[in-house]
Amino acid sequence: MRSALRRLQGEDLCAYHSGDCTLVSEAFGAVPGAAPAAKPSTARGLVNRLVHAEASSALVAALAAFGVEALALAVRGGVRIKIVPSGRHFARCSPAVAALVPDIDRWQAPPAGLFVLEERLVLLRAGALRMAAAHEFAHALDALLAARQRSYFSFESEDIRSAYASASGFVNEYAASGLDEYFAESVRAYLEINDDRSCWLPLTRKMLFTRDARMFQIVDALFRSGRLSRSRPR
Ligand SMILES: [Zn+2]
């Protein structure tokens with residue numbers, strides 16, 4: 001209920017007539033995108049390879065939105081997704097997390113997901129929101145597109161650095177917190193991967209287009225150019 005009320009604050013809310021009722025929703029799909037979702041069966045096959053097990057339907061549905069090229073790139077690049085049951089510490093799942101952020105499980109609000117650059121590993125709580133899965137997977141994509149090892153494309157790209165430095169608006173405040181978050185949340189907005197359970201306002205492609213046209217062009221070109229299928233991760 002709280003998240004539903006919060007959504008009424010969205011500046012892009014539109015009202016649609018549907019039968020004898022009026023539907024109020026964000027403007028999903030209002031701006032065309034270049035990333036067709038992977039078919040469910042194809043997505044399941046690829047996501048199972050990332051998880052090294054039978055992936056949940058929720059995870060498959062969330063990541064299918066990235067499209068076949070992005071999912072295949074993640075498989076090629078050796079990305080792993082580990083589902084972490086509640087009660088199990090993130091630091092126990094990854095030597096890099098144990099070394100770099102050993103107290104992460106004692107944080108006041110431990111994250112629902114994490115991307116470990118050193119290990120190309122996505123850690124996700126079993127009940128994580130689909131937007132958390134998408135956000136962390138976008139970090140993995142950012143790492144796979146980098147020219148250098150253990151780096152991010154968003155750090156290396158002059159275009160992204162310049163767009164970030166000169167942006168007059170961001171899709172949300174998290175996107176403004178660093179280049180990697182800028183990339184992840186902009187991609188999530190472009191793909192319109194959200195979760196009704198979240199208190200964060202849903203992100204839409206239109207939002208990215210109107211608030212940050214330069215970043216829209218960069219993300220759109222990424223999905224449109226065939227770069228994802230050509231990319232050979234280091
Ligand atoms: Zn992040």
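Cut-offs applied
- Residues numbered from 1 in each chain as written.
- Predicted model: local features only at pLDDT ≥ 70, side-chain atom pairs only at ≥ 80, totals over all residues.
- Heavy atoms only, no water.
- Helix = DSSP H or I, 4+ residues; strand = E, 2+ residues; numbered from the N terminus.
- Rg over C-alpha atoms; globule rule 2.2 N^0.38 Å.
- Buried < 20%, exposed > 50% of the residue type's maximum accessible area, 1.4 Å probe, protein only.
- Contact = heavy atoms within 4.5 Å.
- Areas by Shrake-Rupley, 256 points an atom, 1.4 Å probe, with all protein chains shown as cover.
- Lys, Arg positive; Asp, Glu negative; His and termini not counted.
- Charge placed at Lys NZ, Arg CZ, Asp CG, Glu CD.
- 1 Å grid on protein atoms, 1.4 Å probe; cavity = no way out; pocket = protein on both sides within 12 Å on 5 of 7 lines; lining within 4 Å.
- Points joined across faces, edges and corners; volume = space filled by probe spheres on them.
- Nonpolar A, V, L, I, M, F, W, Y, C, P; charged D, E, K, R; others polar.
- Donors = N, O, S within 2.8 Å, 3.2 Å for Na, K, Ca; no water.
- Tetrahedral: all angles 85-135°; square planar, octahedral: opposite > 155°, others 65-115°.
- Core = buried A, V, L, I, M, F, W, Y, C linked by side-chain atoms within 4.5 Å.
- Patch = residues over 30% accessible without salt bridge, like charges linked within 9 Å, V, L, I, M, F, W, Y side chains within 5 Å.
- Salt bridge = Lys/Arg side-chain N within 4 Å of Asp/Glu carboxyl O.

**Describing the overall build of the protein chain**
In terms of helices and strands, the protein chain carries twelve helices and five strands. A globule of 234 residues ought to have a C-alpha radius of gyration of about 17 Å, and the protein chain, at 18 Å, matches this closely. Each principal axis of the C-alpha atoms in the protein chain carries an extent, and together these give about 55 × 40 × 35 Å. The proportion of buried residues among the 234 residues of the protein chain is 50%. Long-range contacts, defined as pairs at least 24 residues apart, comprise 61% of the intrachain contacts of the protein chain with a sequence gap of at least 6. As presented, the protein chain carries roughly 11,700 Å² of accessible surface, and 53% of it is formed by carbon and sulfur atoms. Here the protein chain holds 29 positive side-chain charges and 24 negative ones, and the gap between their average locations is 7 Å.

**Structural notes on the layout of surface pockets**
Size it by volume and the largest pocket reaches roughly 610 Å³. As for the largest pocket, its lining consists of 28 residues, and the residues nearest its centre are Pro111, Gly113, His135, Glu136 and Tyr174. Ranked by residues supplied to the lining of the largest pocket, first place goes to helix α6 (residues 130–144) with five residues. Here the lining of the largest pocket is composed, by residue class, of 18 nonpolar, four polar and six charged. The computed volume of the second largest pocket comes to approximately 230 Å³. As for the second largest pocket, its lining consists of 17 residues, of which Ser56, Ala58, Leu59, Ile83 and Ala126 are closest to the centre.

**Regarding the coordination of the zinc ion**
Bound to the zinc ion on the protein side are His135 (NE2), His139 (NE2), Glu181 (OE) and Glu181 (OE), at distances that span 2.1 to 2.7 Å. Its four donor atoms give the zinc ion angles of 52 to 135° at the centre, a pattern that matches the irregular case. Within one chain, the residues serving as donors to the zinc ion are arranged as H-x3-H-x41-E. Residue His135 is found in helix α6, and its partner Glu181 is found in helix α9 (residues 179–191); the two are separated by 46 residues along the sequence. Note on His135: relative accessible area 5%, which makes it buried.

**Remarks on the nonpolar core**
Among the nonpolar cores identified, the biggest contains 62 residues, and Leu59, Phe66, Leu71 and Phe223 are the most heavily contacted of them. Counting residues per element, this core draws most heavily on α6, at nine residues. Residues contacting Leu71, with those up to four places away along its chain left out, are Ala38, Ala43, Leu46, Val47, Leu50, Leu63, Ala64 and Phe137. The next biggest cluster of nonpolar side chains, apart from the first, holds eleven residues, and it includes Cys93, Ala96, Val116 and Leu121.

**Brief notes about a positive patch on the surface**
Taken together, the side chains of Arg80, Lys82, Arg88 and Arg92 define a basic patch exposed on the protein surface. Here Arg92 shows up in the loop between β3 (80–84) and α5 (95–100).

**Focus on the environment of Gly113**
One can find Gly113 in strand β4 (residues 113–116). The spacing of Gly113 and Ala133 is 20 residues in sequence and 6.9 Å in space, taken between C-alpha atoms. Look past the residues within four positions of Gly113 in its chain and what remains in contact with it is Phe90, Leu123, Leu124 and Glu136.

**Looking at the pattern of salt bridges**
If you walk through the whole model with that rule in mind, you get seven salt bridges. Close ionic contact of Arg148 with Glu156 constitutes a salt bridge, the shortest N to O distance being 3.9 Å. The exposure class of Arg148 is exposed, given its relative accessible area of 53%. Between Glu185 and Arg188 there is a salt bridge, with its nearest N and O atoms 2.9 Å apart. Of this pair, Glu185 and Arg188 both sit in helix α9, three residues apart, which is roughly one turn of that helix. Judged by relative accessible area, which is 3%, Glu185 ranks as buried. A residue is classified by how much of its surface remains accessible, and Arg188, at 1% relative accessible area, is buried.

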